[in-house]
Amino acid sequence: MPKKKTAGGTPATVALDAAAVPFTVHEYAHDPAASSYGAEAAEAMGVPPGRVFKTLLAETDGTLAVAVVPVSGQLDLKALATALGAKRATMADPATAERTTGYVLGGISPLGQRKKLRTVIDTTALAHPTVYVSAGKRGMEVELAPADLVRLTNAVTWAIGRSQGRGELREGERT
């Protein structure tokens, strides 16, 4: 996969460069009125939503953690807690998520975050040759091999996503 650089880069692309991981940057015109960042990204890039992953922050027993799930579904907080050996998980406060990661909502990348957090990636990522995650700003995604994403985030893989049809998004969760 060719590496495409953009002027200035983001902490996510800098981390990928530093690790010498092959990746491709995909940029699109972000619409501030879009109701779903993830669905907008999938549609703009012409990629199935199951290959585009959103990065969410949750609090598990008082500690922040990162969950990476397909934009076509939602995060199962109970499964996330189980994956991390916690009693329960709740969505993190959006301001806390931005402050902790150094990214804005809709542009939070699992890569290059200010603070290293425990990360869980939904197992469906492993079914694809490449996946797309935020490159660290709205309107910019990086495509990379799921094994590289797991390795660079020191993540565990677990079935933490569930089909969107099984209920509405929880408060604070935006695809």
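Basis of the calculations
- Residues numbered from 1 in each chain as written.
- Predicted model: local features only at pLDDT ≥ 70, side-chain atom pairs only at ≥ 80, totals over all residues.
- Heavy atoms only, no water.
- Helix = DSSP H or I, 4+ residues; strand = E, 2+ residues; numbered from the N terminus.
- Buried < 20%, exposed > 50% of the residue type's maximum accessible area, 1.4 Å probe, protein only.
- Pairing = 2+ DSSP bridges.
- Axes fitted to C-alpha atoms, helices over the stretch in contact; angles between N-to-C directions.

Undergrad: Help me out: how do you make sense of the environment of Leu77 in this one?
TA: Of note, Leu77 is situated in helix H3 (residues 77-83). Residue classification places Leu77 among the buried residues on the basis of a relative accessible area of 8%. Sequence spacing of Leu77 and Thr90 is 13 residues, and the spatial spacing of their C-alpha atoms is 6.5 Å.

Undergrad: Honestly, the sheet that holds strand E3 (residues 63-70) in this entry has me stumped. Any pointers?
TA: Pairing between the strands of a sheet comes from backbone hydrogen bonds, and it takes one of two forms, parallel or antiparallel. Sheet architecture is open: five strands sit in the order E5-E2-E3-E6-E9, paired in mixed fashion. Both edges of this open sheet fall to strand E5 (89-91) and strand E9 (156-158), since each of them pairs with a single strand only. Averaged over all adjacent pairs, the angle separating strand axes in this sheet is 35 degrees, with direction ignored. Of the strand pairs in this sheet, strand E6 (residues 118-122) and E9 are connected by three bridges, and their pairing is parallel. Residue Val120 lies in a different strand from E9, and its bridge partner there is Val156.

Undergrad: Would you mind showing me how to read the pairing of E6 here?
TA: Of all five residues making up E6, four are buried, and the element is well covered by its neighbours. One ladder, built from four bridges, connects E3 with E6; its direction is parallel. Bridging from a neighbouring strand, Val68 pairs with Ile121 of E6.

Undergrad: Honestly, the sheet that holds strand E8 (residues 140-144) in this entry has me stumped. Any pointers?
TA: A sheet is described by the order of its strands in space; here three strands give the open sequence E1-E8-E7, paired in antiparallel fashion. This sheet does not close on itself; its edge strands, each paired only once, are strand E1 (24-27) and strand E7 (131-137). Between one strand axis and the next, the sheet turns through 35 degrees on average, direction left out of account. Across five bridges, E7 lies against E8 in antiparallel orientation. Note that in E8 the partner of Ser134 across the bridge is Glu141.

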